[in-house]
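Structural overview
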Amino acid sequence: MPEVTQVQDVPSLPERVADSHKGNYGTVLVVAGSRGMAGAAVLCGRAALRSGAGLVRVACPIYVQDIVATGYPGYTTYGIRQHTDGTFGDGAAEDLVQFGQEATVVVLGPGIGREPATVAFVRRFITELPEIPIVLDADGLFAVSPFQKDWARRKAPLVLTPHAGEFARLTGQPIVREHAQRVQQAVQFAGRFGQPLLLKGHRSLVTDGHRLYTNTTGNPGMATGGSGDVLAGVVGALIGLGLSAFDAACLGASVHGRAGDIGAARLGQTALTATDILEELPAAFREREAGWSQHRNTNS
């Protein structure tokens, strides 16, 4: 395994300035949802807003657009053309490229499905937006598995956020549980393809092949459907705020886990759901905002 720098400190949350407007805090395009999976789009879009994004647009198949639109009033929605089964239709990638070009960052994959047309859509979309950062999650990862050099040849980062099973599919290697082996696999993978990796699980790992951050927040109650959709939205929003992809993944993993810890302290681990994690993001981010006043006092 190549020598890596162990990152100990979580990146700071960027401070918001007094004369700012929503344009200062990024436009996040969330491409998510399908028939039966509208909740993934809602969770991801809401998480991006809760994480400071100035503007969030959620693109989903037109069949579920009304459901997603009523899921939260703070984001706008765009209905993607679809097949009769509710998945993305022919020409969907072309429709969305312009939206992607107007975005600061794209979050792609939660709940979009794994049909051949959807796989083709994801690959086309990634190829045609080489200069826009993309957070690739869930079914988006399925579309590029096993991961190839073609997906790494981008000017902007392609942040991969797999859990253990998705990572095994990306690498073509068996799932490993032992921490040292997880670290070795993650660092080698990120170094080979040159893309940031957030490997989710107990003690989530963030690496670019040269640096390695091991997250210490979170609890077993967060092993629940939709938790990853929330995390993807958090990381996307932080990139939109101006953090590097690596720093956004580190801070996102830490804040997401901390929100889960706050939720577990209130509700217990057994009853914890993705919505609870989402609702505790404000408390987790408020803890990070405490550093703003300390910074101002130091520099006054």
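Before reading further, recall that the structure is shown in the block above.
Here is a short report on the structure shown in this document. Keep in mind the model is a prediction, meaning the values are calculated, not measured.

1. Regarding unusual backbone geometry
- With omega at -5°, the peptide bond leading from serine 145 into proline 146 counts as cis.
- The backbone phi angle of alanine 138 is positive, close to 55°, even though this residue is not glycine.
- For alanine 138, the position within the fold is in the loop between strand E6 (134-136) and helix H5 (139-143).
- Phi at arginine 203 takes a positive value of approximately 60°, unusual for a residue other than glycine.
- By the element assignment, arginine 203 lies in the loop between strand E8 (197-199) and strand E9 (205-207).

2. Let's talk about the packing of aromatic side chains
- Following the criterion strictly, the structure yields 7 aromatic pairs and no others.
- With centroids separated by 6.1 Å and ring planes inclined at 45°, the aromatic side chains of tyrosine 72 and tyrosine 75 adopt a geometry described as tilted.
- Residue classification places tyrosine 72 among the partly exposed positions, given a relative accessible area of 22%.
- The exposure class assigned to tyrosine 75 is buried, which follows from its relative accessible area of 5%.
- Seen from their ring centres, phenylalanine 147 and phenylalanine 189 are 5.7 Å apart, and the 55° between their planes marks the pair as tilted. Highlighted residues: phenylalanine 147 in the loop between H5 and helix H6 (149-152) and phenylalanine 189 in helix H8 (residues 179-193), separated in sequence by 42 residues. Comparing phenylalanine 147 with phenylalanine 189, the two get one shared label, buried.
- In textbook terms, an aromatic cluster arises when at least three aromatic residues are bridged by ring pairs, as seen for Phe147, Phe167, Phe189 and Phe193.

3. Observations concerning the environment of valine 10
- Position of valine 10 relative to the elements: it lies in the loop between strand E1 (5-7) and strand E2 (27-31).
- With relative accessibility at 23%, the residue valine 10 sits in the partly exposed group.
- In the structure, valine 10 is positioned 238 residues away from alanine 248 in sequence and 9.6 Å away in space, judged by C-alpha atoms.
- In this view, valine 10 contacts Tyr213, Cys250, Leu251, Ser254 and Arg288; residues no more than four positions away in its chain are not counted.

4. A closer look at the nonpolar core
- Residues Val68, Val230 and Leu281 are the most contacted members of the largest nonpolar core, which totals 56 residues.
- Those elements giving two or more residues to this core turn out to be E2, helix H1 (38-50), strand E3 (55-61), strand E5 (105-108), helix H9 (227-240), helix H10 (245-267), helix H11 (274-279) and helix H12 (281-299).
- Here this core gets 10 residues from one element, more than from any other, and that element is H10.
- Those residues within four positions of leucine 281 in sequence are excluded, and the remaining contacts are Ala47, Arg50, Ser51, Val230, Val234, Val255, His256 and Ala259.
- Grouped together as the second largest cluster of nonpolar side chains are 43 residues, Val4, Ala103, Val106 and Leu136 included.

Analysis parameters
Residues numbered from 1 in each chain as written. Predicted model: local features only at pLDDT ≥ 70, side-chain atom pairs only at ≥ 80, totals over all residues. Heavy atoms only, no water. Helix = DSSP H or I, 4+ residues; strand = E, 2+ residues; numbered from the N terminus. Phe/Tyr/Trp six-rings, centres within 6.5 Å; stacked < 30°, edge-to-face > 60°. Buried < 20%, exposed > 50% of the residue type's maximum accessible area, 1.4 Å probe, protein only. Contact = heavy atoms within 4.5 Å. Core = buried A, V, L, I, M, F, W, Y, C linked by side-chain atoms within 4.5 Å.

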